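Spelled out from the first residue to the last, the chains are:
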Amino acid sequence: MAGKFITLEGGEGVGKTTNIQFIKEYLQQHKIPVVVTREPGGTPIAEILREILLARHEETISGHTELLLMFAARSQHLSEVIWPHLIDGTWVLCDRFTDATYAYQGGGRKIDIDEISCLENLVQGDFRPDLTLLLDAPVEVGLTRAEARNELDRFESEKLEFFQSVREIYLTRARQNPGRIKVIQADQALEQVQQQIIEQLEQIVDDNGQ
Ligand code: TMP
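Residues numbered from 1 in each chain as written. Predicted model: local features only at pLDDT ≥ 70, side-chain atom pairs only at ≥ 80, totals over all residues. Heavy atoms only, no water.

### A few points about the overall build of the chain
Scanning the chain for helices and strands turns up eight helices and five strands. Walking the chain from its N terminus toward its C terminus, one meets helices and strands in the order β-α-β-α-α-β-α-α-β-α-α-β-α. Computed over the C-alpha atoms, the radius of gyration of the chain is 16 Å, within 12% of the 17 Å expected from 2.2 N^0.38 for a compact globule of 210 residues. For the chain, the spread of C-alpha atoms along the principal axes amounts to about 50 × 35 × 30 Å. Within the chain, the fraction of its 210 residues that count as buried is 50%. In the chain, once contacts between residues fewer than 6 apart in sequence are set aside, the share between residues at least 24 apart is 79%. Accessible area for the chain stands at about 10300 Å²; split by element, carbon and sulfur atoms hold 49% of it. In the chain, 21 positive and 34 negative side-chain charges are present, and the distance between their average locations comes to 1 Å. (Helix = DSSP H or I, 4+ residues; strand = E, 2+ residues; numbered from the N terminus. Rg over C-alpha atoms; globule rule 2.2 N^0.38 Å. Buried < 20%, exposed > 50% of the residue type's maximum accessible area, 1.4 Å probe, protein only. Contact = heavy atoms within 4.5 Å. Areas by Shrake-Rupley, 256 points an atom, 1.4 Å probe, with all protein chains shown as cover. Lys, Arg positive; Asp, Glu negative; His and termini not counted. Charge placed at Lys NZ, Arg CZ, Asp CG, Glu CD.)

### A short note on the packing of aromatic side chains
Evaluated as defined, the whole model comprises eight aromatic pairs. When the centroid spacing of 4.9 Å and the interplanar angle of 90° are considered together, the rings of F5 and F97 count as edge-to-face. Of this pair, F5 sits in strand β1 (residues 5–10) while F97 sits in the loop between β3 (91–95) and α4 (98–108), and the two are 92 residues apart along the sequence. The exposure classification of F5 matches that of F97, with both residues buried. Consider the rings of F5 and F127, whose centres lie 5.2 Å apart with planes at 25°: the pair is stacked. Highlighted residues: F5 in strand β1 and F127 in the loop between α5 (113–124) and β4 (131–136), separated in sequence by 122 residues. The buried category is assigned to F5, whose relative accessible area is 0%. (Phe/Tyr/Trp six-rings, centres within 6.5 Å; stacked < 30°, edge-to-face > 60°.)

### Points about the site of the ligand
Not every one of the 13 residues close to the ligand is listed here, only the nearest: E12, K16, R96, T101 and Q105. In the environment of the ligand, an oxygen atom lies 2.8 Å from a nitrogen or oxygen atom belonging to the side chain of E12. Residue R74 places a side-chain N or O atom 3.1 Å away from an oxygen atom belonging to the ligand. Starting from 480 Å² of accessible surface for the ligand in isolation, the protein chains cover 94%. Looking at the shell around the ligand, the elements with two or more residues in it are α3 (63–88) and α4. It is α4 that provides the largest number of residues to the shell around the ligand, a total of four residues. Among the residues forming the shell around the ligand, the class breakdown is five nonpolar, two polar and six charged. (Near = heavy atom within 4 Å. Polar contact = N/O pair within 3.5 Å; in protein donor to acceptor, adjacent residues only side chain to side chain. Nonpolar A, V, L, I, M, F, W, Y, C, P; charged D, E, K, R; others polar.)

### What about a negative patch on the surface?
Together, E199, E202, D206 and D207 give the surface a local cluster of negative charge. By the element assignment, E202 lies in helix α8 (residues 190–207). (Patch = residues over 30% accessible without salt bridge, like charges linked within 9 Å, V, L, I, M, F, W, Y side chains within 5 Å. Salt bridge = Lys/Arg side-chain N within 4 Å of Asp/Glu carboxyl O.)

### Re helix α2 (residues 44–54)
Of the positions making up α2, those classed as buried are A46, L49, R50, L53 and L54. All buried residues of α2 lie within an arc of 125° about the axis, which places them on one face of the element. For α2, exposure combined with an orientation more than 90 degrees from the buried face picks out P44 and E51. Summarising the contacts, the buried residues of α2 are in contact with β2 (34–38) and α3. (Arc of directions from axis to C-beta.)

Here you go:
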């Protein structure tokens, strides 16, 4: 792949939207062509799957249905958007990717990690992000922000324990993949959060010879 694939992860209300814009501008200042996208979503069909996943339905969505829809959306997103751009040399900046599946479906919904890993290999082969920035903050801080912002979606309406498990799995994965996943302390002033992000970006931009 000629471009780099950077993903942004974290629980609810940790500031992904503000910081993804910041990262995009940083890369553009370094003359790197970049597209911003998100999961679940990023293509018209994947966005329809996102609507199904986030809406609150009378019918319960089973854990496996949720898991398979996440990977269905991802498969579409990879073939239509992510891979074509990376092959062309455009960097792809993605708001959530498969680490979110481990955290939410594995941690939150308690789906077996081996099942997730099996689907990851099926859909992605050995493709993984080049860099993942994990915005980490205490669960209560993020949830308060998310609650103030809009009507809660199907995930945001979950209980505190759900988000504690999500956070735990994210941090466990960061410990297991220290080369790829960098933890950013997100419960600080925006300037300090962005300073930590720059430190991580400097490295990948330098490695790329920009
Ligand atoms: P967003 O609000 O950050 O756009 O994400 C939408 C929701 O989807 C969020 O609550 C996390 C959830 N999600 C999963 O449960 N599994 C996944 O694999 C992804 C990508 C997102």
